[in-house]
Amino acid sequence: MSSSDIFIGETIGTAILILLGAGVCAAVTLKRSKAQNAGWLAITFGWGFAVLTGAYIASGVSGAHLNPAVTIGLAIQGGTAWSDVPLYLASELLGAMIGAVLVWAVYYGQLHAHLTDPEIVENQPAEEGMVDQSTAPKAGPVLGIFTTGPEIRHMVQNVVTEIIATFVLILAILTQGLNDEGNGLGALGALITALVVVGIGLSLGGPTGYAINPVRDLGPRIVHALLPLPNKGGSDWGYAWVPVVGPLIGGALAGGLYNLAFA
């Protein structure tokens, strides 16, 4: 496929992925949303449908990686040329940032109402996952819409959780989600992968919020830091490396195991 195919497919597909995925987080979080407090099931299924929609849109154009961990796993497996990897990664990051901006546009009124509500602004808990709540920095009230975060802030455990969860995802993609050319998701593979994402969210998502995709976290985190939102708080850059490094390691391990066990 051409460079323009990769750029267009990955940018648009990842933007749709983040728009629908972060969108369900916004719907469940924000006080003036009709879906407020819909819960973890809504989030897990919302992300599954987000993957399904983004993958269907991009599968015929770029192979629908939509995730640097998928790209790395496919490159190790041999389905993607290493020379194409930088373009995939850059397009995925750009798409994730665009998707996050679109979530801000859709929920503009709710975000501002939420962030100017005295009950929300004045009673923020310490940053989620911090053991010593007396010294923890204040968490941003809407950071969880844009990024993931651990319930228990233990970096080694958090990285291991992301490695294992991403390993499951990428191995599932490599073994049953490839199209006939071996370079991306086919139509049935997109559906299977979406169901795997739901399963990962239900089973393995509790500790960290299951980023399982570096740009799913990094792109929206950058946007959160840049958006002119009142009282938005910090973007927790101290944790930001975990949902990047963990998924990349998990994707690489899955690609290596595929070559050893399935190739």
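About the criteria used
Residues numbered from 1 in each chain as written. Predicted model: local features only at pLDDT ≥ 70, side-chain atom pairs only at ≥ 80, totals over all residues. Heavy atoms only, no water. Helix = DSSP H or I, 4+ residues; strand = E, 2+ residues; numbered from the N terminus. Buried < 20%, exposed > 50% of the residue type's maximum accessible area, 1.4 Å probe, protein only. Contact = heavy atoms within 4.5 Å. Areas by Shrake-Rupley, 256 points an atom, 1.4 Å probe, with all protein chains shown as cover. Patch = residues over 30% accessible without salt bridge, like charges linked within 9 Å, V, L, I, M, F, W, Y side chains within 5 Å. Salt bridge = Lys/Arg side-chain N within 4 Å of Asp/Glu carboxyl O. Arc of directions from axis to C-beta. Core = buried A, V, L, I, M, F, W, Y, C linked by side-chain atoms within 4.5 Å.

S.K.: Would you explain the overall build of the chain in this entry?
M.R.: A tally of regular secondary structure across the chain gives eleven helices and zero strands. Looking at the chain residue by residue over its 263 residues, the buried ones come to 53%. Considering only residue pairs separated by 6 or more positions, the chain has 76% of its internal contacts joining residues 24 or more positions apart. Approximately 10900 Å² of the chain is accessible, and the part contributed by carbon and sulfur atoms is 67%.

S.K.: Would you mind showing me how to read a nonpolar patch on the surface here?
M.R.: Side chains of Phe7, Ile8, Ile12, Ile57, Leu94, Ile98 and Leu102 sit close together on the surface and give an oily, nonpolar patch of about 550 Å² of accessible area. Elements that contribute at least two residues to the nonpolar patch include exactly helix 1 (3-29) and helix 4 (85-106). Tracing the chain through its elements places Ile98 in helix 4. Classification of Ile98 by relative accessible area gives partly exposed; the value is 35%.

S.K.: Can you help me understand helix 5 (residues 108-115) in this one?
M.R.: The periodicity of an α-helix, 3.6 residues per turn, causes residues three or four positions apart to be oriented the same way. For helix 5, the full list of buried residues reads Leu111, His114 and Leu115. Down the axis of helix 5, the sector holding all buried residues measures 90°, keeping them to one side. Where helix 5 is buried, its residues contact helix 1, helix 4, helix 6 (118-122) and helix 7 (143-146).

S.K.: Is there a simple way to think about the nonpolar core in this case?
M.R.: A general feature of soluble globular proteins is that nonpolar side chains tend to end up buried together. Grouped together as the largest cluster of nonpolar side chains are 51 residues, with contacts concentrated most on Trp47, Val142, Ile145, Leu169 and Ile170. If one sorts the elements of this core by residue count, helix 1 sits on top with eight residues. For Ile170, the residues in contact, after removing those within four places along its chain, are Ala69, Val70, Gly73, Gly251 and Ala254.

S.K.: I would appreciate a short explanation of the pattern of salt bridges in the present structure.
M.R.: Think of it this way: side chains of opposite charge can pair up when their charged atoms draw near. Scanning the entire structure with this criterion turns up four salt bridges. A salt bridge links Glu119 to Lys31, with the nearest nitrogen and oxygen atoms 3.5 Å apart. Of this pair, Glu119 sits in helix 6 while Lys31 sits in the loop between helix 1 and helix 2 (40-62), and the two are 88 residues apart along the sequence. The class of Glu119 is exposed, set by a relative accessible area of 54%. Taken together, the shared-partner salt bridges in this structure form one network comprising Lys31, Asp117 and Glu119.

The values reported here are purely geometric and, on their own, carry no functional implication.
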